[in-house]
Amino acid sequence: MIRLAHVDVAVFGSGAAGLQAACSSAVEAPRHKTALFCPTSPLRGGSTVRSHAVNAALRPEDSVERHLEDTLRAGAGLNDPVLARMLVTEIPSRIADLRRWGCRFDIEGGVFAANTYGGSSISRGLRAKRMLGPEIARVLIRRSVVCGVGVHEGFRLADLIVEAGVVRGAVLWRPSTRRFYSLPCTAIVLATGGGTAMYSPSSAGPTKTCDGIALAYRHGAGLIDMEMVQFHPTGVVRPGRSPHGAIVPEEFRAQGAVLRNRAGDRITARPGRESPGVETRDVLSRAIAAEIEAGRGTAHGAVLLELGNLPTAVLAGLLARADPALARHVRSRRGSLEVAPTAHSLLGGIEISAEAATNIRGLYACGEDAGGTHGANRIGGNGLAEALVFGHVAGLQAARAAAGATVRALRRPVRPPRRAETRPPFPFQERLSRLRTAMSFGCGVVRRQDRLRELARAIDDSQAELDGVSAGLGQLDDFLDYSHLLAVSSLIVRASLDRDNNAGVFFKSENAGRGRYNIRLHHDKLRRQWRNS
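Residues numbered from 1 in each chain as written. Predicted model: local features only at pLDDT ≥ 70, side-chain atom pairs only at ≥ 80, totals over all residues. Heavy atoms only, no water.

## Overview of the packing of helix α1 (residues 16-28) against helix α4 (residues 132-147)
At a minimum axis separation of 9 Å, α1 and α4 run at an interaxial angle of 25°. With respect to α4, the element α1 is oriented roughly parallel. Taken as a pair, α1 and α4 cross one another with a handedness that is left-handed. Counted together, Ala16, Leu19, Gln20, Cys23, Ala26 and Val27 of α1 and Ala137, Leu140, Ile141, Arg143, Ser144 and Cys147 of α4 form the full contact between these two elements. When grouped by side-chain class, the residues that make up the contact of α1 with α4 number nine nonpolar, two polar and one charged. (Axes fitted to C-alpha atoms, helices over the stretch in contact; angles between N-to-C directions. Helix = DSSP H or I, 4+ residues; strand = E, 2+ residues; numbered from the N terminus. Parallel < 35°, antiparallel > 145°, perpendicular 65-115°, else oblique. Left-handed = near helix turned anticlockwise from the far one by under 90°. Contact = heavy atoms within 4.5 Å. Nonpolar A, V, L, I, M, F, W, Y, C, P; charged D, E, K, R; others polar.)

## A word on the pairing of strand β2 (residues 7-12)
For β2, a buried count of six out of six residues is recorded, marking the element as mostly surrounded by other parts of the structure. Relative to strand β12 (residues 179-190), β2 runs parallel, the two sharing five bridges. Bridged to Val9 within β12 is Ala187. Where β2 lies against strand β3 (residues 34-38), four bridges are found, and the strand directions are parallel. Counted as the bridge partner of Val11 is Leu36 from β3. Once the chain exits β2 it traverses α1 before rejoining the sheet at β3, and the crossover so formed is right-handed. (Buried < 20%, exposed > 50% of the residue type's maximum accessible area, 1.4 Å probe, protein only. Pairing = 2+ DSSP bridges. Right-handed = clockwise from strand over helix to strand, strands pointing away.)

## Observations concerning the state of the cysteines
If you walk through the whole model with that rule in mind, you get zero disulfides. Its sulfur unpaired, Cys147 is 4.8 Å from the next cysteine sulfur, which belongs to Cys23. No disulfide involves Cys443; its sulfur sits 13 Å from that of Cys210, the nearest cysteine. When its relative accessible area of 0% is taken as the criterion, Cys443 is described as buried. (Disulfide = S-S within 2.5 Å.)

## With respect to the pattern of salt bridges
Counting across every chain of the model gives 34 salt bridges. Across the pair Arg281 and Glu250 runs a salt bridge whose closest N-O atoms are separated by 2.7 Å. Placement of Arg281 in helix α7 (residues 281-293) and of Glu250 in helix α6 (residues 250-254) is noted, with a sequence separation of 31 residues between them. For the residue pair Arg281 and Glu250, the accessibility class agrees, reading buried in each case. Glu465 is the salt-bridge partner of Arg431, the closest N and O atoms lying 2.8 Å from each other. (Salt bridge = Lys/Arg side-chain N within 4 Å of Asp/Glu carboxyl O.)

## Quick notes on helix α2 (residues 64-74)
Taken as a whole, α2 has its buried residues at His67, Leu68, Asp70, Thr71 and Ala74. One face of α2 carries all of its buried residues, which in axial projection span an arc of 165°. Two residues or fewer after α2 comes Ala76, characterised by a positive phi angle close to 55°. (Arc of directions from axis to C-beta.)

## Focus on empty space enclosed by the protein
Throughout the structure, instances matching the rule amount to two cavities of 30 Å³ or more. By volume, the largest cavity is sized at about 70 Å³. Forming the boundary of the largest cavity are His52, Asn115, Pro249, Glu251, Phe252, Leu318, Arg321 and Ala322. Class assignment for the residues of the lining of the largest cavity results in four nonpolar, two polar and two charged. Taken as a whole, the second largest cavity spans an internal volume of roughly 40 Å³. What lines the second largest cavity is simply Val229, Gln230, Phe231, Asp282, Ser285, Arg286, Val445 and Val505. Counting only elements with at least two residues in the lining of the second largest cavity, the list comes to β14 (229-236) and α7. Split into classes, the residues belonging to the lining of the second largest cavity amount to four nonpolar, two polar and two charged. (1 Å grid on protein atoms, 1.4 Å probe; cavity = no way out; pocket = protein on both sides within 12 Å on 5 of 7 lines; lining within 4 Å. Points joined across faces, edges and corners; volume = space filled by probe spheres on them.)

## Points about the sheet that holds strand β18 (residues 349-351)
Strand pairing in a sheet takes place through backbone hydrogen bonds and is either antiparallel or parallel in direction. Reading across from one edge, β20-β18-β13-β21-β22 is the order of the five strands in this open sheet, with mixed pairing throughout. Since the sheet does not close on itself, it has two edges, and those belong to β20 (370-371) and β22 (525-531), each with one partner. In terms of strand pairing, strand β13 (residues 223-224) meets strand β21 (residues 516-522) through two bridges, oriented antiparallel. Its bridge partner lying in β21, Leu223 is registered against Leu521. Contacts between helix α5 (residues 211-218) and the sheet are confined to β13, β18, β21 and β22, with β18 contributing the most and set at about 45° to the helix.

In structure tokens:
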């Protein structure tokens, strides 16, 4: 294992949360070294480059209090109230920073142009003329250069180094060199992204395999709300071909696109309601899933999103702001798309304080690695807002912690993960495909206790099988993908088995329990924390 030079703050992640954290850390402690490590270019990985808009109460008819009310209502009151208020009060400042650094938001008549998202009582999703996510990524990349952040692409977080409850460093894996590296550091910010790659279909990018959540939990970090998995109601269904799993934004439905089943009947979350575009994602996902379950879906297990009634100019504007692969698909289809609920984001994750700190000293988390802000549901546009707000907080606090700490040498030598290869090579990809099928069936939009129990047993068997496997250097990426997704899947299922009432995105068919509580996981122990009704 090659030992790298010590850094004061190491940030892991290629999205907005990681870039923002690195920039804020470097500005807060310019005499200390901040380094960003990511498996791919920030313009290729993470959720940021797939984001269409960011919520902020910056239009004349909006307010921070209204944004907070929408966020808490969608979260069914399970949001951490301190984190939720920080989200809505701090995001205007982050938008101001982005504009000062050159981010080109769409301005119409001197006012921010905004998208409509399910669960919002008002159009609040600030957008750009083109896709907003790549624009923000480019701005933050330029900013990181100005701030002196060391950006190191091609490195993957393979393990954390924690001694006596304190972060001492990390183990990195670099596929291009097939080597491990030990990185001594004083503080770490996890922004690797949660991801839903244990499901199929999923909107998660190839690098979003829950590395941060899995490793933090292994070393004793507490988790919260792991049963809360958000499914976007309109993910493209095109098995084996691009853009399978790509999200069709709510703005398409808000502008008049209509959902219909195979027979041509209109689908809405609440019959008689004429504006399905403003429904929260969970209720519309369940309505679509019910149509498919009843046999009224297409041969691919989908429903139809009709676009033919959208005016040409409106559709052109929507496609200009859409993912390029989705835009090409829409143009080729013209009349309608096959869509279905698609695993989109983990709302749970590592439990953090208002300083983005975990219960492990020196370890911070933000973006989709962290849980608690959204409670039982996330409004469209709040994900990117969370990344920017808590990326800033995490970087700021990590820099302050590093500046006040004494650099200590590691007490014991660092050993890389297993390397001797099992013969014949273990079929990691085939096992991951099995996991995705099992999770989608047993822990999907609508869950059942009997299916969850069966899934829990299957995951335990898979974990026992994996414990007897060693991966050679040629299989290390597949091993890390599968082991981390399997570990996080187990946590999702355990929390799902325990929840006996339905809230937000979580729906179990036999649930009849009442009351509001969050589920916490720590050191393999699960407990409920009740909230005042």
